[in-house]
Amino acid sequence: MTLTMTILVKNEIDIIEKNIRFHAKNGVDSFVIMDNNSTDGTRELLEELKKEFEITVIDEKGTYSQAKWMTKLTRIAKKKYNPTWLIPNDADEFWTAQNASLKEVLPEKGAVLTVNRYNRLLYENLDNVLNSEYKIINPIIYDKQTQLYGEHICMQLVKISPKVIIKPKGLLWIRGGNHKALHLQNMRDYFKKYEKIKRFKQIEVNHFPIRSYEQFKNNIENRVKLLEKKATMGPHYKRWVKLYKEGKLEKEYYENIIVKQKDMPTLEHIGIIKKEKKLEL
């Protein structure tokens, strides 16, 4: 069995090397990575990492189109490496299998595996979110209007969608943020709501979407440009673009995103967050 990971990156200098090293250590044989006009050294770093790992880098200069590009990467990976399974990943996601490598728990049969994804908590006095010992296991379900306009809400705690692992042979396309895949063998699941799709529980995804104010601000500045080009994105990004334009993004980060130490015992007591071993990065 072989396992390939595809990643779409843009200015991920703070995390991409850790991502590649972590997954190579945990069973990924090869990587196909698309760089979309990085300007922070990410592209140059990938060239250095190619000397150590089996990495194919694709340069994409166009306007961001995640579903289209991730489907394209899958086809490139199939032609280049012909893996048994493929993980469509993001630079801020770390995939784990309990007490085993990813390959050791993947089944021989199947076409699309849907796995749970959890935000790791960014909290007060944490030196690096990658060292976070808490994950959000029971997120708060804010409606779209609240996500867009609510004043005192923590967007870290929102519900997030699962992710998929796929077999490249028979794939038709990947949807949105790698949350679903239409495959010749799983057409029924593709049209189900997320809640009704059976989960493959041997693997889960640890998500680190916000890692510092600078990284957060740079991300939102890029989202501003994408929205101007009519790109589709969730209400949380639309909220942050709005706050950025109003000059309130830094206030949002320090007052609403970072969880205060005084609030953590309550969040743990009511089951929203759970303490876990930090990842070995």
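Residues numbered from 1 in each chain as written. Predicted model: local features only at pLDDT ≥ 70, side-chain atom pairs only at ≥ 80, totals over all residues. Heavy atoms only, no water.

## Section: helix α3 (residues 66-81)
We apply this condition: Secondary structure counts use DSSP, requiring at least four H or I residues in a row for a helix and at least two E residues in a row for a strand, with both numbered from the N terminus. How far a helix is expected to stretch is found by multiplying one less than its residue total by 1.5 Å. Three labels apply to residues, based on accessible area from a 1.4 Å probe with only protein chains included: buried if under 20% of the type maximum, exposed if over 50%, partly exposed otherwise in between. In what follows, a contact means two residues having at least one pair of non-hydrogen atoms within 4.5 Å.
Here α3 spans 21 Å end to end across 16 residues, near enough to the 22 Å set by a 1.5 Å rise per residue. Considered for burial, the residues of α3 that qualify are Gln66, Trp69, Met70, Thr71, Leu73, Thr74, Ala77 and Tyr81. On its buried face, α3 sits against β1 (3-9), β2 (30-35), β3 (55-59), β4 (85-90), β8 (163-166) and β9 (171-175).

## Focus: helix α7 (residues 213-228)
Look at α7: 23 Å from first C-alpha to last across 16 residues, which is about the 22 Å you get at 1.5 Å a residue. All of the buried residues along α7 are Tyr213, Gln215, Phe216, Ile220, Arg223, Val224 and Leu226. Tucked into the core, α7 has its buried residues touching α8 (235-245) and α9 (249-257). Immediately beyond the C-terminal end of α7, within one or two residues, lies lysine 230, with a positive phi of roughly 70°.

## Here we look at the packing of α7 against α8
Applied cut-off: Between the N-to-C directions of two axes lies an angle of 0 to 180 degrees, each axis being a line fitted to C-alpha atoms and, for a helix, fitted only over the stretch in contact. What sets the label is the angle itself: under 35 degrees gives roughly parallel, over 145 gives roughly antiparallel, 65 to 115 gives roughly perpendicular, and the rest give oblique. Throughout, the ten residues Ala, Val, Leu, Ile, Met, Phe, Trp, Tyr, Cys and Pro are labelled nonpolar, Asp, Glu, Lys and Arg are labelled charged, and all others, Gly among them, are labelled polar.
The geometry of α7 relative to α8 is characterised by a closest axis approach of 9 Å and an angle of 100° between their N-to-C directions. Taken as axis vectors, α7 and α8 run roughly perpendicular relative to one another. Here α7 contributes Phe216, Asn219, Ile220, Glu221, Arg223, Val224 and Leu227 to the contact with α8, which in turn contributes Tyr237, Lys238, Trp240, Val241, Tyr244 and Lys245. Taken together, the residues that form the contact of α7 with α8 break down as eight nonpolar, one polar and four charged.

## Considerations on the packing of aromatic side chains
Convention followed: When two rings of Phe, Tyr or Trp (its six-membered ring) have centres within 6.5 Å they constitute a pair, described as stacked for plane angles under 30 degrees, edge-to-face for angles over 60, and tilted for the intermediate range. The criterion is that NZ of a Lys, or CZ of an Arg, lies within 6 Å of the ring centre and within 35 degrees of the ring normal, and then a charge sits over that ring.
According to the stated counting rule, one finds 12 aromatic pairs in the structure shown. A cation sits over an aromatic face here: lysine 135 above tyrosine 118, 4.1 Å from the ring centre. Positioned over the ring face of tyrosine 237 is arginine 223, at 3.7 Å from the centre of the ring.

## Describing unusual backbone geometry
Residue asparagine 82 is not a glycine yet carries a positive backbone phi of 45°. Structurally, asparagine 82 can be placed in the loop between α3 and β4. Residue class for asparagine 82 comes out exposed when judged on its relative accessible area of 54%. At asparagine 125, a position not held by glycine, the phi torsion is positive, near 70°. Summarising the element assignment, asparagine 125 is placed in the loop between β6 (112-119) and β7 (134-136).

## Digging into the layout of surface pockets
Worth spelling out the cut-off: A pocket here means an open set of points on a 1 Å grid, computed over the protein atoms alone, that has protein on both sides within 12 Å along at least five of seven lines. A cavity is instead a set of points where a 1.4 Å probe fits but cannot get out; residues with an atom within 4 Å of a point line either one. Grid points are joined across faces, edges and corners, and a volume is the space filled by probe spheres set on the points.
Its boundaries defined by the atoms lining it, the second largest pocket holds a volume of some 690 Å³. Put simply, the parts of the chain that give the lining of the second largest pocket at least two residues each are α1 (16-25), β5 (93-97), β6 and β11 (199-207). Among the elements that line the lining of the second largest pocket, the one with the most residues is β11, at seven residues. For the lining of the second largest pocket, a count of residues per class yields 10 nonpolar, seven polar and 10 charged.

## Points about the nonpolar core
The test is simple: Among buried residues, those of type Ala, Val, Leu, Ile, Met, Phe, Trp, Tyr and Cys that are joined through side-chain atoms within 4.5 Å constitute a nonpolar core.
Core analysis: the biggest nonpolar cluster contains 68 residues, and Ile20, Trp95, Leu121, Ile165, Ile203, Phe216 and Trp240 have the highest contact counts within it. Top contributing element to this core by residue count: α7, with five residues. Apart from residues no more than four positions distant in its own chain, isoleucine 20 is found in contact with Phe31, Ile33, Leu46, Leu49, Phe53 and Ile55.

## Some remarks on the pairing of β2
Looking down a regular strand, the side chains alternate between one sheet face and the other. In plain terms, the rule: In this description, strands pair whenever DSSP reports at least two bridges between them. Consider the strands pointing away from the viewer: the crossover is right-handed when the path from the first strand over the helix to the second runs clockwise.
Most of β2 sits out of view: six of its six residues are buried. Here β2 shows two buried faces, one formed by Ser30, Val32 and Met34 and the other by Phe31, Ile33 and Asp35. Of the pairings in the sheet, the one linking β1 to β2 comprises six bridges and is parallel in character. Paired with leucine 8 across the two strands is methionine 34, which belongs to β2. Between the parallel elements β1 and β2, the chain passes through α1 in a crossover that is right-handed. Between β2 and its parallel partner β3, the chain crosses via helix α2 (residues 42-49), and the hand of that crossover is right-handed.

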